[in-house]
Amino acid sequence: MAKAYWIARVDVHDAEDYKAYVETAKPAFEEFGAQFLVRGGACDAVEGKGRARNVVIEFPSVEAAKACYHSETYQKARAIRQKVSEGEIIIVEGYEG
């Protein structure tokens, strides 16, 4: 079974309130076996428009990644995130090779 990854690119408009998103989302990530591979850090947008915050989260499967996103717990966090930031999240299936 291939692992899956959330790739999130975010510009945070209110860093203080974004902390509430992080705390609210934490239980969903724990429940679905998420492991953070990249969380913020320096970046260099070599092509296209970059975002200030970039996150890569590994999940044990595509099903787990999607279930986490659609979970009631994460949707509560999502509502907070959308008020204080702008960005994109995609789910990508990992390579089995």
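This write-up is about the structure you can find in this document. (Residues numbered from 1 in each chain as written. Predicted model: local features only at pLDDT ≥ 70, side-chain atom pairs only at ≥ 80, totals over all residues. Heavy atoms only, no water.)

Brief notes about the environment of Glu93
Where we set the bar: We count a stretch as a helix when DSSP gives it H or I for four or more residues in a row; a strand needs E for two or more, and each element gets its number in order from the N terminus. Any two residues whose heavy atoms approach within 4.5 Å at even a single point are treated as in contact.
In this fold, Glu93 is placed in strand S4 (residues 85-93). Residues Glu93 and Val10 lie 83 residues apart in sequence; the distance between their C-alpha atoms is 21 Å. Setting aside its immediate chain neighbours within four residues, Glu93 contacts Ala2, Lys3, Ala4 and Val62.

A word on the nonpolar core
Using the following cut-off: By nonpolar core is meant a set of buried Ala, Val, Leu, Ile, Met, Phe, Trp, Tyr and Cys residues that side-chain atoms within 4.5 Å join together. Only protein chains enter the calculation, and the probe is 1.4 Å; a residue is then buried if its accessible area is under 20% of its type maximum, exposed if over 50%, and partly exposed in between.
Trp6, Tyr21, Phe29, Ile57, Phe59, Cys68 and Tyr74 are the most contacted members of the largest nonpolar core, which has 22 residues in total. Discounting chain neighbours no more than four positions away, the residues touching Ile57 are Ala4, Tyr5, Trp6, Phe29, Ala34, Gln35 and Phe36.

Digging into the pairing of strand S1 (residues 4-12)
To keep things clear, this is the line we draw: Strands are treated as partners if at least two bridges between them are detected by DSSP.
Across seven bridges, S1 lies against strand S3 (residues 53-59) in antiparallel orientation. Looking at S3, one finds that Tyr5 is bridged to Glu58. As paired elements, S1 and S4 share nine bridges and run antiparallel to each other. Counted as the bridge partner of Arg9 is Glu88 from S4.

Quick notes on the environment of Tyr5
Note the following rule: Polar contacts here mean pairs of N or O atoms no more than 3.5 Å apart (in protein, one a potential hydrogen donor and the other a potential acceptor; neighbouring residues in sequence count only if both atoms are side-chain atoms).
Mapped onto the secondary structure, Tyr5 falls in strand S1. For Tyr5, the contacting residues outside a window of four places in its chain are Leu37, Val56, Ile57, Glu58, Ile90, Ile91, Val92 and Gly94. A distance of 2.9 Å separates polar atoms of two side chains, one belonging to Tyr5 and the other to Glu58.

Some words on helix H2 (residues 62-70)
Just so we agree on the cut-off: What the arc covers is the set of directions going from the helix axis to the C-beta atoms.
Among all positions of H2, only Val62, Ala64, Ala65, Cys68 and Tyr69 are buried. Each buried residue of H2 lies within a common arc of 165° when the element is viewed along its axis, so the set occupies one face. Residues of H2 that are exposed and angled more than 90 degrees away from the buried face: Glu63 and His70. Each element contacted by the buried residues of H2 is listed here: S1, helix H1 (15-31), S3, helix H3 (72-84) and S4.

Observations concerning the packing of aromatic side chains
Stated precisely, the cut-off is as follows: Centre distance within 6.5 Å is the pairing criterion for rings of Phe, Tyr and Trp, where only the six-membered ring of Trp is used; planes under 30 degrees apart are then read as stacked, over 60 as edge-to-face, and the remainder as tilted. In our convention, an over-ring charge means Lys NZ or Arg CZ found within 6 Å of a ring centre and within 35 degrees of that ring's normal.
The full count for this structure, using the stated rule, is nine aromatic pairs. On the numbers, 5.2 Å between centres and 45° between planes, the contact of Tyr18 with Tyr21 is tilted. On the criterion of helical spacing, the pair formed by Tyr18 and Tyr21 is a turn pair, its members being three residues apart in helix H1. The burial state of Tyr18 is the same as that of Tyr21; both residues are buried. Aromatic side chains Tyr21 and Tyr74 sit 6.1 Å apart centroid to centroid with 85° between the ring planes, which places their arrangement in the edge-to-face category. Taken as a pair, Tyr21 in helix H1 and Tyr74 in helix H3 lie far apart in primary sequence, 53 residues in all. Accessibility expressed as a relative area gives 0% for Tyr74, which makes it buried. Of the aromatic side chains, those joined through ring pairs into one cluster are Trp6, Tyr18, Tyr21, Phe29, Phe36, Phe59, Tyr69 and Tyr74. Arg39 extends its terminal NZ or CZ atom over the ring of Phe36, reaching a point 3.7 Å from the ring centre.

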